[in-house]
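One-letter residues, chain by chain:
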Amino acid sequence: MSTGSELPIALRAAYLALHRQSEAQFASHGVTADQFVLLATLVRGGHALTQRELARRMSSDPSTVRAMLALLEPRGFVERSTHPTDARARTVALTAAGERMFRQLWTAGEPIRALMLDALEPGEAEILVRLLARVAGALNPELAPVRESSPSHSPEDEV
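Residues numbered from 1 in each chain as written. Predicted model: local features only at pLDDT ≥ 70, side-chain atom pairs only at ≥ 80, totals over all residues. Heavy atoms only, no water.

Re the sheet that holds strand E1 (residues 49–50)
Turning to step 1, where the next piece is worked out: Here we have three strands laid out as an open sheet, ordered E1-E3-E2, and antiparallel in their pairing. Two strands close off the open sheet at either side, each with one partner strand: E1 and strand E2 (78–82).
Turning to step 2, where the next piece is worked out: With five bridges connecting them, E2 and strand E3 (residues 90–94) associate as antiparallel partners. In the sheet register, Thr-82 faces E3, and the bridge partner there is Arg-90.
Turning to step 3, where the next piece is worked out: Of the strands in this sheet, E2 and E3 are in contact with helix H4 (residues 62–72), which crosses E2 at around 115°. (Pairing = 2+ DSSP bridges. Helix = DSSP H or I, 4+ residues; strand = E, 2+ residues; numbered from the N terminus. Contact = heavy atoms within 4.5 Å. Axes fitted to C-alpha atoms, helices over the stretch in contact; angles between N-to-C directions.)

A closer look at a nonpolar patch on the surface
Turning to step 1, where the next piece is worked out: Taken together, the side chains of Leu-7, Leu-11, Leu-128 and Leu-132 define a hydrophobic patch exposed on the protein surface, amounting to about 300 Å² of accessible area.
Turning to step 2, where the next piece is worked out: Those elements giving two or more residues to the nonpolar patch turn out to be helix H1 (3–26) and helix H7 (124–139).
Turning to step 3, where the next piece is worked out: Note on placement: Leu-11 falls in helix H1.
Turning to step 4, where the next piece is worked out: For Leu-11, a relative accessible area of 32% puts it in the partly exposed group. (Patch = residues over 30% accessible without salt bridge, like charges linked within 9 Å, V, L, I, M, F, W, Y side chains within 5 Å. Areas by Shrake-Rupley, 256 points an atom, 1.4 Å probe, with all protein chains shown as cover. Salt bridge = Lys/Arg side-chain N within 4 Å of Asp/Glu carboxyl O. Buried < 20%, exposed > 50% of the residue type's maximum accessible area, 1.4 Å probe, protein only.)

A look at the packing of helix H5 (residues 96–108) against helix H6 (residues 110–118)
Turning to step 1, where the next piece is worked out: Interaxial distance between H5 and H6 falls to 4 Å at its minimum, and their mutual angle equals 40°. Considered as vectors, H5 and H6 are oriented oblique to each other. Of H6, the residues touching H5 (which contributes Trp-106, Thr-107 and Ala-108) are Glu-110, Pro-111 and Arg-113.
Turning to step 2, where the next piece is worked out: Of the residues in the contact of H5 with H6, the class split is three nonpolar, one polar and two charged. (Parallel < 35°, antiparallel > 145°, perpendicular 65-115°, else oblique. Nonpolar A, V, L, I, M, F, W, Y, C, P; charged D, E, K, R; others polar.)

Focus on the confidence of the model for the chain
Turning to step 1, where the next piece is worked out: Per-residue confidence for the chain averages 88 on the pLDDT scale, and 88% of its residues sit at or above 70.
Turning to step 2, where the next piece is worked out: Segment residues 148–153: pLDDT under 50, and eight contacts once partners within four positions in sequence are set aside and those in other chains are kept. (pLDDT = per-residue confidence, 0-100.)

A short note on H4
Turning to step 1, where the next piece is worked out: Listing the buried residues of H4 in full gives Val-65, Met-68, Leu-69 and Leu-72. Projected onto a plane normal to the axis of H4, the buried residues spread over an arc of 100° and lie on a single side.
Turning to step 2, where the next piece is worked out: Contacts made by the buried residues of H4 are with helix H2 (33–45), helix H3 (51–58), E2 and E3. (Arc of directions from axis to C-beta.)

Below you can see the structure in the form of structure tokens.
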């Protein structure tokens, strides 16, 4: 089997393993892995984002993001407002409750991150992140670039 045909299968297997582990970890909090990504994206953004920008940064489609927001907003994790300069757009901001939930989920996900890092040699995580960002950018140039960070970096530090 050539590397060209192995790469998509390997990426899919890694994604599905991560997704399933995350779903199991976050279930007791009543949050899905995709909802965690939404909260993490808002934390990483550092300010309110338009729904369109949020979807772009999450590598998701706007209708999926809208559906997640409809579930997270009544729980008090996010708040949507009319954009200050574009009445057609809506902005999304993380609430204090959303920040607390993100921190709980970040802590709950620590064993998963540890498993991933334990599977790699020192320095390989940084290389893998750069390579995956390059592949994602080649497949979808509109994706927001993945910020490089050390494995010990916590998005929690950005809240």
